[in-house]
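# Results of the structural survey
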Amino acid sequence: GAVVSQHPSRVICKSGTSVKIECRSLDFQATTMFWYRQFPKKSLMLMATSNEGSKATYEQGVEKDKFLINHASLTLSTLTVTSAHPEDSSFYICSVTSGRGGDTQYFGPGTRLTVL
Amino acid sequence: QQPVQSPQAVILREGEDAVINCSSSKALYSVHWYRQKHGEAPVFLMILLKGGEQKGHDKISASFNEKKQQSSLYLTASQLSYSGTYFCGTEMSAGGTSYGKLTFGQGTILTVHP
């Protein structure tokens, strides 16, 4: 399967600052990348779908101006949490896929964000 | 709409079997199964596609009832390493096509004791 990395793995920031999380597909041309958020002991909640070279599609209830997504190449997508607040503290995970139905999603190791 | 998994939690001894169910109210294109250990990313186990095709591990089996929009994951002769939270992810069918978007169930916590 595809190898996906995320950076950083953990980040602690002060309230009001912005944090950028990178998702890299190391050996797979990821036409589509997904960004999820997972709260403790909860399921993965899809935040947005990112297609290379186009604007991300956000799920209902996810503020696109707060969670900025850029997918500039087939191997890199970034999620920027702007003006972070303590309620944004969560586990953020990306996944990559070909974008075709029925194909496997390969997940990155996740980024633990803590906003103080 | 989020699929419903059952049971919410299972406790087993090594060597015992378990079945985890996933049910959706929507027409499905495929069902994906993942296992996640605490603090780690989900690990792919299996995909079941509409029409009967399966992709996944040799040691794990699953079924997909397209008419009932239900899938079951069968874990046999469980090992300690099977412990974790199991998620099903459902892919909706939209005019016969899909773009890979998954909606995950709430998870089933599996604990295997020696």
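Report on the accompanying structure. In this text the structure is predicted, and so the values were computed from the model without any measurement.

Attention now goes to the sheet that holds strand 1 (residues 4-6) of chain B. Residue and element names in this part refer to chain B. Taken in spatial order, the four strands of this open sheet run 1-3-8-7, and their pairing is antiparallel. The open sheet has two edge strands, strand 1 and strand 7 (61-65), and neither has a second partner. The mean angle between the axes of side-by-side strands here comes to 15°, regardless of whether they run parallel or antiparallel.

The next point concerns the nonpolar core. The biggest cluster of nonpolar side chains holds 24 residues, and the ones touching the most others in it are Cys23, Trp35, Phe67, Leu79, Tyr92, Val96 and Leu113 of chain A. Going through the elements one at a time, strand 2 (10-13), strand 3 (19-25), strand 4 (32-38), strand 5 (45-51), strand 7 (67-73), strand 8 (76-81), strand 9 (90-97) and strand 11 (111-115) of chain A are the ones with two or more residues in this core. Beyond its immediate sequence surroundings of up to four residues, Phe67 of chain A is in contact with Arg37, Met47, Tyr58, Val62, Leu79, Thr80, Val81, Asp88 and Tyr92 of chain A. Ile20, Cys22, Tyr86 and Val112 of chain B belong to the second-largest nonpolar core, a separate cluster that totals 21 residues.

A few words now on the state of the cysteines. For the structure shown, the criterion picks out two disulfides over all chains. Here Cys23 of chain A engages in a disulfide with Cys94 of chain A; their sulfurs sit 2.0 Å apart. Its S-S torsion of about 80° marks the bond between Cys23 of chain A and Cys94 of chain A as right-handed, since a negative value means left-handed. One end of the pair, Cys23 of chain A, is in strand 3; the other, Cys94 of chain A, is in strand 9, and 71 residues separate them in sequence. One disulfide bridge connects Cys22 of chain B with Cys88 of chain B, the sulfur atoms lying 2.0 Å from each other. Of note, the bridge from Cys22 of chain B to Cys88 of chain B carries an S-S torsion of about 70° and is right-handed in sense. Placement of the pair is Cys22 of chain B in strand 3 (residues 18-23) and Cys88 of chain B in strand 9 (residues 84-92), with a sequence separation of 66 residues. On the basis of relative accessibility, which here comes to 0%, the residue Cys88 of chain B falls in the buried class. Cys13 of chain A takes part in no disulfide bond, and the closest cysteine sulfur to it belongs to Cys94 of chain A, at a distance of 19 Å. A residue is classified by how much of its surface remains accessible, and Cys13 of chain A, at 10% relative accessible area, is buried.

The rules behind each value
- Counting restarts for each chain: residues are numbered from 1 in the order of the written sequence.
- Note on labels: chains are lettered from A, ligands numbered from 1, in written order.
- For this predicted model, a pLDDT threshold of at least 70 governs which residues receive local features, and a threshold of 80 or more governs which side-chain atom pairs are given and counted, while totals over whole chains, interfaces and linings are taken from all residues.
- Processing note: side-chain calculations cover all non-hydrogen atoms of the structure and skip hydrogens and water entirely.
- If DSSP finds at least two bridges between two strands, the strands pair.
- Think of it this way: any DSSP run of H or I at least four residues long counts as a helix, any run of E at least two long counts as a strand, and we number them from the N terminus.
- Angles shown run from 0 to 180 degrees and are taken between the N-to-C directions of axes, each axis being a line fitted to C-alpha atoms and, for helices, limited to the stretch in contact.
- Residues enter a nonpolar core if they are buried and are Ala, Val, Leu, Ile, Met, Phe, Trp, Tyr or Cys, with the set joined through side-chain atoms within 4.5 Å.
- Burial here depends on accessible area, computed with a 1.4 Å probe over protein chains only, as a share of the maximum for the residue type. Under 20% is buried, over 50% is exposed, and the range in between is partly exposed.
- By definition, residues are in contact when any of their heavy atoms lie within 4.5 Å.
- When two cysteine sulfur atoms lie within 2.5 Å, the pair is treated as a disulfide.

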